[in-house]
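Chains, contacts and geometry: an overview
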Amino acid sequence: GYAKELKTWDGCFIIRQKRGLTSLSIHSWANAVDVNQFENQLKATPKLSPGFVKCFTDAGCEWGGTWARKDGMHFQIAKI
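This one's a predicted model, so the numbers in the text were calculated from it and none came from an experiment. (Residues numbered from 1 in each chain as written. Predicted model: local features only at pLDDT ≥ 70, side-chain atom pairs only at ≥ 80, totals over all residues. Heavy atoms only, no water.)

Here's the deal with the sheet that holds strand β4 (residues 74-77)
- Taken together, four strands build an open sheet; the order of strands is β1-β2-β4-β3 and the sheet is antiparallel. Edge positions in the sheet fall to β1 (9-11) and β3 (61-63), since each of these pairs with one other strand and no more. Going across the sheet, the axis of each strand differs from the next one's by a mean of 30 degrees, ignoring polarity.
- Two elements, β1 and strand β2 (residues 32-35), share two bridges in a ladder whose sense is antiparallel. In the sheet register, Gly11 faces β2, and the bridge partner there is Asp34. (Pairing = 2+ DSSP bridges. Helix = DSSP H or I, 4+ residues; strand = E, 2+ residues; numbered from the N terminus. Axes fitted to C-alpha atoms, helices over the stretch in contact; angles between N-to-C directions.)

Points about the side chain of His27
- Following the sequence through the fold, His27 ends up in the loop between β1 and β2.
- A polar side-chain atom of His27 sits 3.1 Å from the main-chain carbonyl oxygen of Cys12.
- A polar contact is formed between the side chain of His27 and the side chain of His74, at a distance of 3.3 Å.
- In contact with His27, not counting residues within four places along its chain, are Gly11, Cys12, Phe13, Ile14, Arg16, Ala32, Val33, Asp34 and His74. (Polar contact = N/O pair within 3.5 Å; in protein donor to acceptor, adjacent residues only side chain to side chain. Contact = heavy atoms within 4.5 Å.)

Examining the environment of Thr66
- Mapped onto the fold, Thr66 is located in the loop between β3 and β4.
- Put simply, Thr66 and Thr45 are 21 residues apart on the chain and 10 Å apart in space, counted from C-alpha to C-alpha.
- From its side chain, Thr66 meets the backbone oxygen of Trp63 in a polar contact 3.0 Å long.

A word on the state of the cysteines
- Within this structure, the stated rule accounts for zero disulfides.
- Distance from the sulfur of Cys61, which forms no disulfide, to the nearest cysteine sulfur (Cys12) is 10 Å. (Disulfide = S-S within 2.5 Å.)

Some details on the nonpolar core
- Judged by nonpolar contacts, Val33, Val35, Leu48, Phe52, Val53, Phe56, Trp63 and Phe75 together constitute the single largest core of eight residues.
- Going through the elements one at a time, β2 and α1 (50-58) are the ones with two or more residues in this core.
- In terms of residues, this core owes the most to one element, α1, which gives three residues. (Core = buried A, V, L, I, M, F, W, Y, C linked by side-chain atoms within 4.5 Å. Buried < 20%, exposed > 50% of the residue type's maximum accessible area, 1.4 Å probe, protein only.)

And the structure:
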């Protein structure tokens, strides 16, 4: 029932550096996705529902919305 909340799929595989760093982003290996970027900007309060987030975290992803520098659009594989 949470699929309707997915409005935009904004990034998966893109070879790039992490913002402000020289190391490569986890997106460089297609181990992360960004969703609904337009309403979940970096450092902003995320607007994804708890149920939507739980779908990803139950599937083994870590959510950037819980990080000190919030990245509410970002989900990445927690363990490889």
